[in-house]
Amino acid sequence: MTKIETLLKTLCPNGVECKNLKDCCHILDKKRQPISKENRKFGQYPYYGANGVQDYVSDYIFSGSFVLVGEDGSVLTKQGTPVVTWAEGDIWVNNHAHIISEKDGVLLRYLFYFLQTVNIREKIHGNIPKLTGEDFKNIKIPVPPLAAQGEIVRILDNFTELTAELTAELTARKKQYEFYRNHLLSFDDNIKFIDLAEIADLGTGSSNTNEELENGKYPFFVRSQEVRSKNEYEFDETAIITSGDGVGVGKIFHYIEGKYALHQRAYRIHITDKRFYPRFFYHYMQATFLNYIEKNAFNSSVTSIRRPMLNKYPVPMLPLPEQERIVKILDRFDALCNDISTGLPAEIAARQRQYEHYRDELLNFKKVVL
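Residues numbered from 1 in each chain as written. Predicted model: local features only at pLDDT ≥ 70, side-chain atom pairs only at ≥ 80, totals over all residues. Heavy atoms only, no water.

What follows is about the overall build of the chain. Counting its secondary structure elements, the chain contains eight helices and 18 strands. Here the analysis covers contacts within the chain between residues at least 6 apart in sequence; of these, 73% occur between residues at least 24 apart. Working note: accessible area of the chain is about 20,100 Å², and carbon and sulfur atoms make up 48% of it. Seen as two clouds, the 47 positive and the 48 negative side-chain charges of the chain have centres 2 Å apart. (Helix = DSSP H or I, 4+ residues; strand = E, 2+ residues; numbered from the N terminus. Contact = heavy atoms within 4.5 Å. Areas by Shrake-Rupley, 256 points an atom, 1.4 Å probe, with all protein chains shown as cover. Lys, Arg positive; Asp, Glu negative; His and termini not counted. Charge placed at Lys NZ, Arg CZ, Asp CG, Glu CD.)

The following block contains the structure:
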């Protein structure tokens, strides 16, 4: 029998009492203040909205430790649970996030963990999804004795601390990767450059976003970081994929070998010149394309790449052995930072699954029957 099981059996043998959230904490929604983007003065204090930090401002309206829960907009996770954020220190909160602080008898950190498990789909209403104040206040919270709450928090904090350490490690490795990539792919004036159009087959896809399938046979590259799927493919090749317009321009890249489908506003780059390794070009594009885009992209209401500009993208002509040396170095960093099966992201994902399993087990109480 675990320590928590012993505590619950000893202190509440008949089950755990449930209370409304409003009786478990102080709800501070009336003290929130939105600031329009044009009226915000940049500063050191986090400005929170429904999904976490939105900006940084020059003043604060709350000081302490708080739990924030998304009120309107993107307020549901894929599991149907609320968007929950832990915030501490001096902060500003707008009117898109409910904000609560601790009340005697219920640990705020316990509420932070429990609220992540509550299915609120039936409480979300309106054309713009909204968790109203009344529905929020009346979320049912099982309240075990403080000793049990403290043990639950201790266990789950250990999981989140480990995940935070791994995330910090990943951030450091990404910075190291970018440093080496930029160093290895910076060339002096003696290097000859050639236009991309001379060494590659360039084009766009013909698929639309609404053609995606949940479990299709082939990867479907759209204009976001997410890869979707289809049952039909358009290309069978080794290619680098980049967004043609929108927020992903110059930032989103995919490397594919084999069959795939492509959005009509995304570009495929298939290297055909045997003097170039496609993988070398992939790394080179990641390091330099954003800067090239900022200088040459067509700007309207949406920044976009035009084909003539892509054709003229200059690529350095390095000997194949040197390209291979650079690829080996950068591929090791890339796998560590981005590989979802073997790198740090895989370990972080495994720890997150482990955390969610234990969280759901620990917070599944026998309830008092009245």
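This part takes up the pairing of strand β13 (residues 218–221). By the bridge criterion, four bridges tie β13 to strand β14 (residues 227–230) in an arrangement that is antiparallel. Among the inter-strand pairings, phenylalanine 221 is bridged to a residue of β14, identified as valine 227. Between β13 and β14, which follow one another and run antiparallel, lie five residues. (Pairing = 2+ DSSP bridges.)

Relative to each other, helix α2 (residues 108–115) and helix α4 (residues 146–184) sit at 65 degrees, their axes nearing to 9 Å. Relative to α4, the element α2 lies roughly perpendicular. The chirality of how α2 crosses α4 is left-handed. For the pair α2 and α4, contact is made by Arg109, Tyr110 and Tyr113 and by Gln149, Ile152, Val153, Leu156, Asp157 and Thr160, respectively. Residues of the contact of α2 with α4, tallied by class, amount to five nonpolar, two polar and two charged. (Axes fitted to C-alpha atoms, helices over the stretch in contact; angles between N-to-C directions. Parallel < 35°, antiparallel > 145°, perpendicular 65-115°, else oblique. Left-handed = near helix turned anticlockwise from the far one by under 90°. Nonpolar A, V, L, I, M, F, W, Y, C, P; charged D, E, K, R; others polar.)

This part is about α2. Counting buried residues along α2, eight of its eight residues qualify, which places the element largely inside the surrounding structure. For α2, the set of buried residues is Leu108, Arg109, Tyr110, Leu111, Phe112, Tyr113, Phe114 and Leu115. (Buried < 20%, exposed > 50% of the residue type's maximum accessible area, 1.4 Å probe, protein only.)

A few words on the environment of tyrosine 45. With respect to the helices and strands, the residue tyrosine 45 is situated in strand β3 (residues 42–49). The sequence separation of tyrosine 45 and aspartate 90 amounts to 45 residues, and the corresponding C-alpha distance is 6.4 Å. Tyrosine 45 has contacts with Asp55, Tyr56, Val57, Ser58, Asp59, Tyr60 and Asp90, leaving out every residue within four places of it along the chain.

A word on the environment of leucine 213. Along the chain, leucine 213 falls in the loop between β12 (200–204) and β13. Exposure remark for leucine 213: the relative accessible area of 35% places this residue in the partly exposed category. Along the backbone, leucine 213 and proline 345 are 132 residues apart, and their C-alpha atoms lie at a distance of 25 Å. Those residues in contact with leucine 213 that lie beyond four places of it in its chain are Ser229, Lys230 and Asn231.

This paragraph deals with the sheet that holds strand β7 (residues 97–102). With mixed pairing, six strands are arranged side by side in an open sheet as β2-β7-β5-β6-β3-β4. Here the strands that pair on one side only, and so sit at the sheet edges, are β2 (25–27) and β4 (52–57). Across the sheet, the axes of successive neighbouring strands diverge by a mean angle of 35 degrees, strand direction being ignored. Here three bridges tie β2 to β7, and the two strands are oriented antiparallel to one another. Residue pairing for β7: cysteine 25 is matched across the bridge by glutamate 102.

Another aspect to go through is the packing of aromatic side chains. Here the structure, examined in full by the defined rule, presents 20 aromatic pairs. Relative to phenylalanine 112, the ring of tryptophan 86 lies with its centre 5.6 Å away and its plane at 70 degrees, an arrangement referred to as edge-to-face. Here the residue tryptophan 86 occupies a position in strand β6 (residues 84–93), and phenylalanine 112 occupies one in helix α2, the gap between them amounting to 26 residues. Taken together, a centroid distance of 5.5 Å and an interplanar angle of 80 degrees make the contact between phenylalanine 179 and tyrosine 180 edge-to-face. Accessibility expressed as a relative area gives 54% for phenylalanine 179, which makes it exposed. Residue class for tyrosine 180 comes out partly exposed when judged on its relative accessible area of 34%. The rings of Phe187, Phe253, Phe280, Phe281, Tyr284, Phe289, Tyr292 and Tyr313 are connected pair by pair, giving a single aromatic cluster. (Phe/Tyr/Trp six-rings, centres within 6.5 Å; stacked < 30°, edge-to-face > 60°.)

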